[in-house]
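Fold and contact review
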Amino acid sequence: MLIAAVCLLPLAAQAAPDEARRTPVVKAVEQSSPAVVNIYTERLIETPFSQRSPFPSDPFFDDFFSDFFQGFPSPRATEKRSSLGSGVVIRSDGTIVTNEHVIVRASNIRVQLADNREFLAILAGADSDSDLAVLKVSVKKPLPFIPMAENGGVMIGETVIAIGNPFGLSHTVTTGVVSAVGRTIQAGDIIYHDFLQTDASINPGNSGGPLINVAGELIGINTAIHRKAEGI
């Protein structure tokens, strides 16, 4: 993903946005962005003490610790690791959909809304076969949500929009088209069926975020990229 720095004109020289520039894509983003969330997870893992050298960047000390503990039961220590991803509110009661791989083995799941409110989320259910998970947050007021597309199906070539949290850059918007439908892909030992293919830019942290059409309807969850290609 390319990031360019652009110098804005002084405020006095900036005119109000021309309504003609408010394209269907702009309208869909304005409508949908408040329902896109950032997901932060923490998980506690046990690692052999021999792998927790105080000099992790020095191969000598790595080898020393490995040799020292060789042949002995390896003491284990608990380590906290963090990750980030995206999600989408699909019901105003705080029901959120994301990828299963975003929250797998997480000991703590936090959700941040577009207005910077944060909630502790609970895992309501997950399906590894489709790499989907459902989270629930407790809210006092209805949340903005993105409705699921129900009519008309998905058309190859139609414009689509991805919104997510790539590399921690909150609410990043990218656009593309539906390149194909019904794709089957393999990730490790798991085979996923009936995937949409798009050339909208997807990066680490986009996982779990929504893919929407220009009507602002949810048509998919951004899940994977082909690492040896661009725009797949």
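Residues numbered from 1 in each chain as written. Predicted model: local features only at pLDDT ≥ 70, side-chain atom pairs only at ≥ 80, totals over all residues. Heavy atoms only, no water.

What follows concerns the overall build of the chain. The helix and strand tally for the chain stands at three helices and twelve strands. The buried share of the chain, reckoned over its 232 residues, is 35%. When contacts within the chain are restricted to residue pairs at least 6 apart in sequence, those whose partners lie at least 24 apart make up 66%. As presented, the chain carries roughly 14300 Å² of accessible surface, and 56% of it is formed by carbon and sulfur atoms. (Helix = DSSP H or I, 4+ residues; strand = E, 2+ residues; numbered from the N terminus. Buried < 20%, exposed > 50% of the residue type's maximum accessible area, 1.4 Å probe, protein only. Contact = heavy atoms within 4.5 Å. Areas by Shrake-Rupley, 256 points an atom, 1.4 Å probe, with all protein chains shown as cover.)

Of all hydrophobic cores here, the largest spans 28 residues; its most connected members are Ile 39, Val 111 and Leu 135. If we ignore the near neighbours within four places in the chain, the residues touching Val 111 are Val 37, Asn 38, Ile 39, Ile 96, Arg 117, Glu 118, Phe 119, Ala 121, Leu 135 and Val 137. Grouped together as the second largest cluster of nonpolar side chains are seven residues, Val 160, Ala 162, Val 178 and Ala 200 included. (Core = buried A, V, L, I, M, F, W, Y, C linked by side-chain atoms within 4.5 Å.)

Attention now goes to the pattern of salt bridges. As enumerated under the stated definition, the model contains five salt bridges in all. Between Glu 19 and Arg 22 there is a salt bridge, with the nearest N and O atoms lying 2.9 Å from each other. You can call Arg 22 partly exposed: its relative accessible area is 27%. (Salt bridge = Lys/Arg side-chain N within 4 Å of Asp/Glu carboxyl O.)

Let us look at helix H1 (residues 24-32). Among all positions in H1, only Ala 28, Val 29 and Ser 32 are buried. Taken down its axis, H1 places every buried residue within 100 degrees of arc, on the same side. (Arc of directions from axis to C-beta.)

The sheet built from five strands is open, its strands ordered S10-S9-S8-S11-S12 with antiparallel pairing. In this open sheet, the two edge strands, each paired with only one partner strand, are strand S10 (190-198) and strand S12 (218-221). Sheet twist, expressed as the mean angle between neighbouring strand axes with direction ignored, is 45 degrees. Sheet topology places strand S8 (residues 159-164) next to strand S11 (residues 210-213); three bridges connect them, and they run antiparallel. Counterpart to Ile 161 in the pairing with S11 is Ile 212. (Pairing = 2+ DSSP bridges. Axes fitted to C-alpha atoms, helices over the stretch in contact; angles between N-to-C directions.)

Moving on, we get to unusual backbone geometry. Residues apart from glycine generally show negative phi values, whereas peptide bonds are mostly found in trans. Even without being a glycine, Asp 131 presents a positive backbone phi close to 55 degrees. For Asp 131, the location among the structural elements is in the loop between strand S6 (122-127) and strand S7 (132-136). A relative accessible area of 3% means that Asp 131 is categorised as buried.

Turning next to the pairing of S7. Burial along S7 is one-sided: Ala 133 and Leu 135 are buried, while Leu 132, Val 134 and Lys 136, pointing the other way, are not. Here strand S3 (residues 95-99) runs beside S7; their pairing, made up of five bridges, is antiparallel. Of the residues in S7, the one forming a bridge with Thr 98 is Ala 133. Two strands pair when backbone bridges link them, and S6 and S7 are joined in this way by five bridges, in the antiparallel orientation. Bridged to Leu 123 within S7 is Leu 135. Hairpin connection, S6 to S7: the antiparallel pair is bridged by four residues, and Asp 131 has positive phi, about 55 degrees.

Bringing a nonpolar patch on the surface into the picture now. On the surface, Val 154, Ile 156, Val 181 and Leu 196 cluster together to form a nonpolar patch covering roughly 300 Å² of accessible area. Note that Val 181 resides in strand S9 (residues 172-187). (Patch = residues over 30% accessible without salt bridge, like charges linked within 9 Å, V, L, I, M, F, W, Y side chains within 5 Å.)

Now for the side chain of Ser 86. Mapped onto the elements of the fold, Ser 86 is located in strand S2 (residues 76-91). Residue class for Ser 86 comes out buried when judged on its relative accessible area of 0%. Looking at Ser 86, its side chain comes within polar contact range of the main-chain nitrogen of Asn 165, at 2.9 Å. Ignoring any residue separated from it by four or fewer positions in sequence, one finds Ser 86 in contact with Val 37, Ile 39, Thr 98, Gly 164, Asn 165, Gly 205, Asn 206, Ser 207, Gly 208 and Gly 209. (Polar contact = N/O pair within 3.5 Å; in protein donor to acceptor, adjacent residues only side chain to side chain.)

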